[in-house]
Amino acid sequence: MPITQQGALGRSQADAQAAAWGGVFAMTLCVFTLIASEFMPVSLLTPMARDLLVSEGQAGQGIAISGTFAVLTSLSISAVAGSMDRRILLLGLTALMAISGAVVAMAPNYLLYMAGRALIGVVVGGFWSLSAATAMRLVPSHQVPRALAIFNGGNALATVVAAPLGSYLGAVIGWRGAFFCLVPVALLAFAWQWCSLPAMQPRAGVAGSHNAFRLLRNPAVAWGMLAVAAFFMGQFTLFTYLRPFLETVTRVEISTLSLVLLGIGVGGFVGSTVIGSFLKWNFYWTLVAIPILMALIAVALTIFGGRVAIVAALLGIWGAVATAAPVGWWSWLAKTLPRDAEAGGGLMVAVVQLAIASGSTIGGLLFDKAGYRSTLIASAVMLLMAAFLTFLASRAQPAQGANAAGATSPAVETSQVCMVVGERRFGVTLAENATARALAGMLPLTLQMAELNGNEKHADLPAALPADASKPGTIRNGDLMLYGAKTVVVFYQSFPSPYAYASIGHVADPAGLAQALGRHGVRVVFQRGR
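Residues numbered from 1 in each chain as written. Predicted model: local features only at pLDDT ≥ 70, side-chain atom pairs only at ≥ 80, totals over all residues. Heavy atoms only, no water.

Visitor: Would you take a moment to explain the overall build of the protein chain for this structure?
Guide: Within the protein chain, the secondary structure is distributed over 17 helices and 10 strands. Within the protein chain, buried positions represent 56% of all 530 residues. Across the protein chain, the fraction of contacts at a sequence separation of at least 24, relative to all contacts at a separation of at least 6, is 78%. Accessible surface, the protein chain as shown: approximately 20800 Å² in total, 66% of it carbon and sulfur. (Helix = DSSP H or I, 4+ residues; strand = E, 2+ residues; numbered from the N terminus. Buried < 20%, exposed > 50% of the residue type's maximum accessible area, 1.4 Å probe, protein only. Contact = heavy atoms within 4.5 Å. Areas by Shrake-Rupley, 256 points an atom, 1.4 Å probe, with all protein chains shown as cover.)

In structure tokens, the structure reads:
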């Protein structure tokens, strides 16, 4: 708010941050290495068990322990990290991934092997918890789905190549050599992130943001998380047992099996590439349609399971939509909780990990006790349930308006509060704090806002608001802040700032905000409703 000479500098730095695609691709390499590390044991269980003098089942518990630590980390990472620069935190997690690979590769016994696998679980939980919040800091809000799709491209690639690559390397240089190969890739990801990630101080001004479970008091978040849980349970009820289905029902040979799995991976790349367009077309209907299509595929597999060509085609479509779905759900998180993306990301990672474990367990029990058809039908039922819960989540978004100013509401939803500038309307998500609630109590509110610094508009309110100011470090395009006790500020550029503000909220999609506000004073109306 104070007059500074940072306008041009702030804009240039904002442009660099808003277009930090180098950081996005560096994190994508990290995703690839992370997923490859997590699932490398799948194709190496036999030699690992023989070398460590344990059963294959015990060796396979290395995947279970990584999932357990991923859940624990995802629920605590935001609180434990506190005010740490998120760039440093991501670099630390990447370094820990390299250490994990080295520990597993050199493990002289089963205990150290499990310790190495626990470390990779910490990285999985921490990295994915921060992914949506980091994407929101690296690119403009309208490009967040694209950045998340790129992240998921690394996920899809690793899912496709991890098992066959691990098997090949294990045969050539041994299972320890296969794990050692991941270490230099992790170090390359570390170096790339070091060079490309900007400083990212944690967002300030959201009370209680470290309490992930508190977010469930928002019905939109609660329904959404239930939908996520049902979706991943349904997906992995089927997907975990895809290989035995193909071998015993479709009766494919190893070479054909590899081609079918490759088709799923190729479909995943296609899906993660085009999903952004569908989300822009109709966000929630896309999220509803994906599990419905997957449920239909699961039912179709019970009918055409013995016909290789049809099964391959169906699974290619499955790969496309199943890989695209997480992009949609991470975008949902960014849209629903723009000020709580870290805590929300941790909660989502925990939900996903638990859902995967539950789905795999249910699918296995049904596959063994009642046959493959029961597994496929159970998957279809869960996916249809996910579609219904997604619909309820979409309906819960506007339902928040009734208690927008109440102390018990975690956030006032974007669809219920808007900022009108001339002919343009911008959705605003209010922060969860006393300042935002007090401002909500003043709505509707018309302000004549003055220009300052080429990056903000400001105006004094008719009454002072409660304020717990802090230094955000970086101002983002679309931030709505309180300076002092009475001055409301709308920022339309991103730039580093040493000043203290109380957060009021954030414009959900600030594309075109600078043009709408213009270069001079402007009349701005804040009101509830679309």
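Visitor: Where do I start with a nonpolar patch on the surface in this structure?
Guide: Taken together, the side chains of L259, L262, V266, V270, V274, F278, W281, W285, F388 and F391 present a nonpolar region at the surface, about 1100 Å² in accessible area. Secondary-structure elements contributing two or more residues to the nonpolar patch are α11 (254–281) and α15 (372–399). Take the nonpolar patch: its biggest share by element is 7 residues, from α11. With respect to the element layout, F388 can be found in helix α15. (Patch = residues over 30% accessible without salt bridge, like charges linked within 9 Å, V, L, I, M, F, W, Y side chains within 5 Å. Salt bridge = Lys/Arg side-chain N within 4 Å of Asp/Glu carboxyl O.)

Visitor: Just to check I follow, could you spell out the sheet that holds strand β1 (residues 417–421) for this structure?
Guide: Each strand in a sheet pairs with its neighbour through backbone hydrogen bonds, running either in the same direction (parallel) or in the opposite one (antiparallel). Taken together, the 8 strands give a closed barrel; going around it, the order is β1-β2-β9-β6-β7-β4-β3-β10, and neighbouring strands pair in antiparallel fashion. Strand-to-strand, the axes of this sheet are offset by a mean angle of 30°, without reference to chain direction. Here β1 runs beside strand β2 (residues 424–430); their pairing, made up of 4 bridges, is antiparallel. For V420, the partnering residue across the bridge sits in β2 and is R425. Here helix α16 (residues 434–442) sits on the sheet in contact with β2, β3 (445–452), β6 (479–483), β9 (502–507) and β10 (522–528), set at roughly 65° to β9. (Pairing = 2+ DSSP bridges. Axes fitted to C-alpha atoms, helices over the stretch in contact; angles between N-to-C directions.)

Visitor: So what exactly am I meant to see when it comes to the environment of I77 here?
Guide: By the secondary structure assignment, I77 is in helix α4 (residues 56–81). By relative accessible area, I77 is classed as buried at 10%. Residues I77 and G346, 269 residues apart in the sequence, show an inter-C-alpha distance of 7.2 Å. With residues up to four places along the chain from it excluded, the contact list for I77 reads L89, G126 and S129.

Visitor: Looking at this structure, how should I read the packing of aromatic side chains?
Guide: Under the criterion given, the structure shown has 12 aromatic pairs. Considering the side-chain rings of W329 and W332, the 5.3 Å spacing of their centres and the 75° angle between planes classify their relative orientation as edge-to-face. Here W329 and its partner W332 are both found in helix α13 (residues 308–336), 3 residues apart, which amounts to about one turn of the helix. A residue is classified by how much of its surface remains accessible, and W332, at 0% relative accessible area, is buried. Pairwise contacts between aromatic rings join Y483, F491, F495 and Y501 into one cluster. Directly above the ring of W194 sits R87, whose terminal nitrogen or CZ lies 5.0 Å from the centroid. (Phe/Tyr/Trp six-rings, centres within 6.5 Å; stacked < 30°, edge-to-face > 60°. Lys NZ or Arg CZ within 6 Å of the ring centre and 35° of its normal.)

Visitor: Help me understand unusual backbone geometry in this model?
Guide: The phi torsion of most residues other than glycine is negative, and most of the peptide bonds are trans. Cis geometry is found at the peptide bond from L443 to P444, where omega equals 0°. Mapped onto the secondary structure, P444 falls in the loop between α16 and β3. Residues other than glycine seldom take positive phi values, yet L53 does so here, at roughly 65°. Secondary-structure assignment places L53 in the loop between α3 (45–52) and α4. Since its relative accessible area comes to 76%, L53 is described here as exposed.

Visitor: How should the environment of T94 be read in this particular structure?
Guide: For T94, the location among the structural elements is in helix α5 (residues 86–106). Since its relative accessible area comes to 1%, T94 is described here as buried. Residues T94 and F190 lie 96 residues apart in sequence; the distance between their C-alpha atoms is 5.8 Å. Among all residues touching T94, those that are not within four sequence positions of it are C30, A186, A189, F190 and Q193.

Visitor: How do you make sense of the packing of helix α10 (residues 242–250) against α13 when you look at a structure like this?
Guide: Axis angle and axis distance: for two packed helices, these are the angle between their axes and the distance between the axes, and together they describe the pair. Where α10 contacts α13, the two axes come as close as 12 Å, and the packing angle between them is 165°. With respect to their mutual orientation, α10 and α13 come out roughly antiparallel. Here the hand of the crossing between α10 and α13 comes out right-handed. Of α13, the residues touching α10 (which contributes L242, F245, L246 and T250) are V308, V311 and L315. Here the residues of the contact of α10 with α13 sort into 6 nonpolar, 1 polar and no charged. (Parallel < 35°, antiparallel > 145°, perpendicular 65-115°, else oblique. Left-handed = near helix turned anticlockwise from the far one by under 90°. Nonpolar A, V, L, I, M, F, W, Y, C, P; charged D, E, K, R; others polar.)

Visitor: Hey, could you run me through the pairing of strand β4 (residues 456–460) in this one?
Guide: Each regular strand shows side chains that alternate between the opposite faces of the sheet. Extensive coverage of β4 is indicated by the burial of 4 of its 5 residues. Relative to β4, β3 runs antiparallel, the two sharing 3 bridges. Paired with A450 across the strands is H458, a residue of β4. Adjacent in sequence and paired antiparallel, β3 and β4 are bridged by 3 residues, among which N453 carries a positive phi angle near 70°. Relative to strand β7 (residues 487–491), β4 runs antiparallel, the two sharing 5 bridges. Bridging across to β7, E456 finds its partner in F491.

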